[in-house]
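Close look at the chain arrangement
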Amino acid sequence: MIIAILALQGAFAEHQQMLHKLGTDSVLIRNLPDWQDFIGRDEPKGLIIPGGESTAMKRIMRDENLVEPIRSAIAGGLPTFGTCAGMILLSKKIEGSDAESFLGDAAMDVVVRRNAYGRQLGSFYTEDSFGDDSSAEEKVPMTFIRAPFIVEVGDSVKVLAKVDGNIVAVRQGNLLATSFHPELNDDVRVHKFFLSMI
Ligand code: GLN
């Protein structure tokens, strides 16, 4: 198994360390040749889109001609995990914005609110339940940094975690997204959950 980590901007190194801890190989994607090497590998694959700044990440993806290749891989079923800014990129709609998701129909059927906890004081730590029917719900550490949360979900979206009533983790088919940053704590369970989707 090999996991690609989009490494254009933001907290990608921490995801790589997490996967290393789990004994899973990963490659950093900085440009189109990196992506083509990854796609050419003959083994089960997944993609992580890290936290950072979603607008900057989108811009660099466009500059590096990565938008269409990544879109088509995700639309083709590539298991993909987005944290924080990555959650925003995987969402069909950003509240209050007319911008279309780069994923088109392959996006998660959710509406996301950017900087939902405020821009400056929006960073905090908590522990809360995470999981679905197949994984008993357990409390996991959750670090939020100017995080989004989900304000609407479609019928085929499974809510995996809520904090204070707000949706902070969702899964739909091959897509998993968390508002928080599981890569910033030692607990490996959210990454394990993602690997179990591959
Ligand atoms: N506030 C960022 C955005 O809107 C996300 C923050 C994060 O990824 N830690 O893109």
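Residues numbered from 1 in each chain as written. Predicted model: local features only at pLDDT ≥ 70, side-chain atom pairs only at ≥ 80, totals over all residues. Heavy atoms only, no water.

Let us look at the overall build of the chain. From N to C terminus, the chain includes 6 helices and 12 strands. Relative to a compact globule of 198 residues, whose C-alpha radius of gyration would be 16 Å, the chain shows 15 Å and is just as compact. Referenced to the eigenvectors of the C-alpha coordinate spread, the extents of the chain come out at roughly 45 × 40 × 35 Å. In the chain, which comprises 198 residues, the proportion classed as buried is 49%. A separation threshold of at least 6 residues defines the contact pool for the chain, and within that pool the share at least 24 residues apart is 64%. When the accessible area of the chain is evaluated, it comes to approximately 9,000 Å², of which 44% is carbon and sulfur surface. On the chain, the mean spot of the 20 positive side-chain charges and the mean spot of the 27 negative ones are 3 Å from each other. (Helix = DSSP H or I, 4+ residues; strand = E, 2+ residues; numbered from the N terminus. Rg over C-alpha atoms; globule rule 2.2 N^0.38 Å. Buried < 20%, exposed > 50% of the residue type's maximum accessible area, 1.4 Å probe, protein only. Contact = heavy atoms within 4.5 Å. Areas by Shrake-Rupley, 256 points an atom, 1.4 Å probe, with all protein chains shown as cover. Lys, Arg positive; Asp, Glu negative; His and termini not counted. Charge placed at Lys NZ, Arg CZ, Asp CG, Glu CD.)

Tracing the backbone shows T178 in strand β12 (residues 175–178). Residue T178 is classed as buried on the basis of its relative accessible area of 0%. It is 16 Å that separates the C-alpha atoms of T178 and G154, two residues lying 24 residues apart in sequence. Those residues within four positions of T178 in sequence are excluded, and the remaining contacts are F81, G82, T83, C84, M87, F130, V168, A169 and V190.

Honestly, that's just the spatial picture; any functional story needs more than this.
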